[in-house]
Amino acid sequence: CNYSRYADDITFSSNVNLFTENHDFINDVYQVIEKAGFVVNKSKERLQCNHQRQICTGLVVSEIVNVRKCIIREIRSLLYIWERYGYSAAEKAFCSKRNDGVKLLPFIKGRLSFISYVKKNNSQCCKLRERLYSLLKKGIKKINSTISIYENGKWIDRLQEQEVYEDGLVKT
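Bear in mind that the values here come from a model prediction, so they are computed numbers and not experimental data. (Residues numbered from 1 in each chain as written. Predicted model: local features only at pLDDT ≥ 70, side-chain atom pairs only at ≥ 80, totals over all residues. Heavy atoms only, no water.)

1. Here we look at the packing of helix 3 (residues 87–96) against helix 4 (residues 104–119)
The interhelical angle for the contact between helix 3 and helix 4, taken along N-to-C directions, is 75 degrees, at an axis separation of 10 Å. By the criterion of interaxial angle, the relationship of helix 3 to helix 4 is roughly perpendicular. Contacts between helix 3 and helix 4 involve Tyr87, Ala90, Glu91 and Phe94 on the former and, on the latter, Leu104, Leu105 and Phe107. Looking at side-chain class alone, the contact of helix 3 with helix 4 contains 6 nonpolar, no polar and 1 charged residues. (Axes fitted to C-alpha atoms, helices over the stretch in contact; angles between N-to-C directions. Helix = DSSP H or I, 4+ residues; strand = E, 2+ residues; numbered from the N terminus. Parallel < 35°, antiparallel > 145°, perpendicular 65-115°, else oblique. Contact = heavy atoms within 4.5 Å. Nonpolar A, V, L, I, M, F, W, Y, C, P; charged D, E, K, R; others polar.)

2. Looking at the environment of Tyr6
Here Tyr6 is to be found in strand 1 (residues 2–6). Put simply, Tyr6 and Cys56 are 50 residues apart on the chain and 9.2 Å apart in space, counted from C-alpha to C-alpha.

3. Some points on the sheet that holds strand 4 (residues 59–60)
The antiparallel open sheet is built from 3 strands, whose spatial order is 3-4-5. In this open sheet, the two edge strands, each paired with only one partner strand, are strand 3 (55–56) and strand 5 (66–67). Examined bridge by bridge, strand 3 and strand 4 share 2 bridges and lie antiparallel to one another. Along strand 4, the bridge assignment pairs Ile55 with Val60. (Pairing = 2+ DSSP bridges.)

4. Comments concerning the nonpolar core
Core analysis: the largest hydrophobic core is formed by 24 residues, its most contacted members being Ile75, Leu79, Trp82, Leu104, Ile108, Leu112 and Leu132. Residue assignment for this core shows that the elements contributing at least two residues are helix 2 (69–85), helix 3, helix 4 and helix 5 (123–139). (Core = buried A, V, L, I, M, F, W, Y, C linked by side-chain atoms within 4.5 Å. Buried < 20%, exposed > 50% of the residue type's maximum accessible area, 1.4 Å probe, protein only.)

5. Things to note about a nonpolar patch on the surface
Where nonpolar side chains cluster on the molecular surface, the patch consists of Tyr3, Ile10 and Phe12 and spans about 300 Å² of accessible area. As for its placement among the helices and strands, Ile10 is situated in strand 2 (residues 9–13). (Patch = residues over 30% accessible without salt bridge, like charges linked within 9 Å, V, L, I, M, F, W, Y side chains within 5 Å. Areas by Shrake-Rupley, 256 points an atom, 1.4 Å probe, with all protein chains shown as cover. Salt bridge = Lys/Arg side-chain N within 4 Å of Asp/Glu carboxyl O.)

6. Overview of the packing of helix 2 against helix 4
Viewed as axis vectors pointing N to C, helix 2 and helix 4 meet at an angle of 140 degrees, and their least axial separation amounts to 11 Å. The angle between the axes of helix 2 and helix 4 places the two elements in the oblique class. Here helix 2 runs over helix 4; the crossing is left-handed. For the pair helix 2 and helix 4, the contacting residues are Ile71, Ile72, Glu74, Ile75, Leu78, Leu79 and Trp82 in the first and Leu104, Leu105, Phe107, Ile108, Arg111, Leu112, Phe114 and Ile115 in the second. Per-class residue counts for the contact of helix 2 with helix 4 are 13 nonpolar, no polar and 2 charged. (Left-handed = near helix turned anticlockwise from the far one by under 90°.)

7. Remarks on the pairing of strand 1
The buried fraction of strand 1 amounts to 0 of the 5 residues, a small share that puts the element mostly on the outside. The turn joining strand 1 and strand 2, which pair antiparallel and follow one another in sequence, is formed by 2 residues; a positive phi near 55 degrees is taken by Ala7.

Okay, structure coming up:
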């Protein structure tokens, strides 16, 4: 039997069915956990057979470690809305499903980093990243603005060039 853990999640795997209700193994695991002062959350406990999709800490671990398809679909959908209807529409669609204050662009960048970390140099991830970069390049325009600076006892007007996204956010 093998086990892995991440934070407070523990995963056991075996080629033999050790996980029946009255098997010594499962009883021993409960005793060790309770002896250490922890409580098993029965609602989070699940048994996944080798012919099922096995998910551990958000990753599919059945044959090879992979990302769930819903994550890829979500990024693809958001990029499509952005391409077709603009950044503001994509942001609105994104925020309508969430209420945690997360912004679209950092979310997409973070998800793509996560996907590329798990899937390494996967062509699907590279295509999504290319779509994002082409949207960013297309949506940025340069504007010139005059700023007034108080320097050496007098006001000086300076021309400043900034890059701005299509929705008016200043590129940082």
